[in-house]
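Structural description and commentary
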Amino acid sequence: METVRRPAEGREIELVRAAKEAACKARCTYSHFPVGAAIMLDDGRIVSGFNCESPAFTCGICAERMAIYTAVNEFDLHPHDAILIAVWGRTEDPISPCGLCRQVMWDILGPETPVILSDCNDMVLRTTVRELLPLGFKDEDLA
Ligand code: THU
């Protein structure tokens, strides 16, 4: 995992911008903490999501899972279909996805998918789902 923040480069730039734009749609009445996520598919299409909260707090959903489940619905997303996911948060340092989202990234995107974590300074850290979730729970574990 990268440890030094850097500006986005190449196709990361477009994806971070999409994640940041999605954060503008966040429904974060309770936390006042907007988050956006964007997934790039192998054909270049982009699917985004934002956090959506509820007065019954646990009903809310994070930006990452909204983006992932939207991609499942719209494009029947499976592991290896996504080439990159970006997450943008209004944080000083690149945002750190929650544990639930890390597991869903593992389930739907696959452990080797690159993840771009971004912040309010538009700096990024590049990592992978596996680095974010070592020993993720997997299908074979159910056998
Ligand atoms: N949140 C996300 O959407 N993604 C993250 O990576 C971290 C947290 C949301 C959940 C909740 O709506 C708000 O941020 C505060 O936790």
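Residues numbered from 1 in each chain as written. Predicted model: local features only at pLDDT ≥ 70, side-chain atom pairs only at ≥ 80, totals over all residues. Heavy atoms only, no water.

1. Regarding the pattern of salt bridges
Operational definition: Just to be clear on terms, a salt bridge is a Lys or Arg side-chain nitrogen sitting within 4 Å of an Asp or Glu carboxyl oxygen. In this text, helices come from DSSP runs of H or I with a minimum length of four residues, and strands from runs of E with a minimum of two, each type numbered from the N-terminal end. Three labels apply to residues, based on accessible area from a 1.4 Å probe with only protein chains included: buried if under 20% of the type maximum, exposed if over 50%, partly exposed otherwise in between.
This structure, assessed with the given rule, holds 10 salt bridges. For Arg130, the salt bridge identified is with Glu112, shortest N-O distance 2.4 Å. On the criterion of sequence distance, the pair formed by Arg130 in helix α4 (residues 129-132) and Glu112 in the loop between α3 (99-109) and β5 (114-118) is long-range, its members being 18 residues apart. Between Asp141 and Lys138 there is a salt bridge, and its shortest N-O distance comes to 3.5 Å. What makes Asp141 partly exposed here is its relative accessible area of 39%. Lys138 sits in the partly exposed class, given a relative accessible area of 33%. Residues joined in a network through salt bridges with shared partners are Glu2, Arg6, Glu9, Glu12 and Arg126.

2. A short note on the site of the ligand
To keep things clear, this is the line we draw: Note on terminology: near, applied to a residue and a molecule or strand, indicates that one of the residue's heavy atoms is within 4 Å of it. Throughout this description, a polar contact denotes any pair of N or O atoms lying within 3.5 Å of each other; where both atoms belong to protein, one of them has to be capable of donating a hydrogen while the other can accept it, and for residues adjacent in sequence the pair is counted only when both atoms sit in side chains. Calculation of accessible area relied on Shrake-Rupley with a 1.4 Å probe; when residues are assessed, cover is drawn exclusively from the protein chains displayed.
Residues in close proximity to the ligand include Ser31, Phe33, Val35, Asn51, Glu53, Cys62, Ala63, Glu64, Ile95, Ser96, Pro97 and Cys98, which together make up its full environment. Asn51 is positioned with one of its side-chain polar atoms (N or O) 3.0 Å from an oxygen atom of the ligand. Glu64 places a side-chain nitrogen or oxygen 2.5 Å from an oxygen atom of the ligand. Out of a free accessible area of 380 Å², the ligand has 76% covered by protein chains.

3. So, the sheet that holds strand β2 (residues 35-41)
Counted only if it meets this: Between any two strands, at least two bridges found by DSSP are needed for them to pair.
Strand order across the open sheet formed by six strands is β1-β6-β5-β4-β2-β3, with mixed pairing between neighbours. In this open sheet, the two edge strands, each paired with only one partner strand, are β1 (6-7) and β3 (46-50). Relative to β5, strand β4 (residues 82-89) runs parallel, the two sharing four bridges. Bridging across to β5, Ile85 finds its partner in Val115.

4. Topic: the layout of surface pockets
Selection criterion: Using only the protein atoms, space was sampled on a 1 Å grid; points where a 1.4 Å probe fits but cannot get out form cavities, open sets with protein on both sides within 12 Å along at least five of seven lines form pockets, and lining residues are those with an atom within 4 Å of a point. Grid points are joined across faces, edges and corners, and a volume is the space filled by probe spheres set on the points. Here the nonpolar group is Ala, Val, Leu, Ile, Met, Phe, Trp, Tyr, Cys and Pro; Asp, Glu, Lys and Arg are the charged ones; every other residue, Gly included, is treated as polar.
Space inside the largest pocket adds up to approximately 210 Å³. Contributing to the lining of the largest pocket are Pro79, Gln103, Trp106, Asp107, Gly110, Pro111, Phe137, Lys138, Asp139, Glu140 and Leu142. Of the residues belonging to the lining of the largest pocket, the class tally is five nonpolar, two polar and four charged. Volume-wise, the second largest pocket comes out at about 180 Å³. Considering the residues around the second largest pocket, the lining is formed by 17 residues, among which Phe33, Val35, Asn51, Cys62 and Ala63 are closest to the centre. Here the lining of the second largest pocket is built from residues that sort into 10 nonpolar, five polar and two charged.

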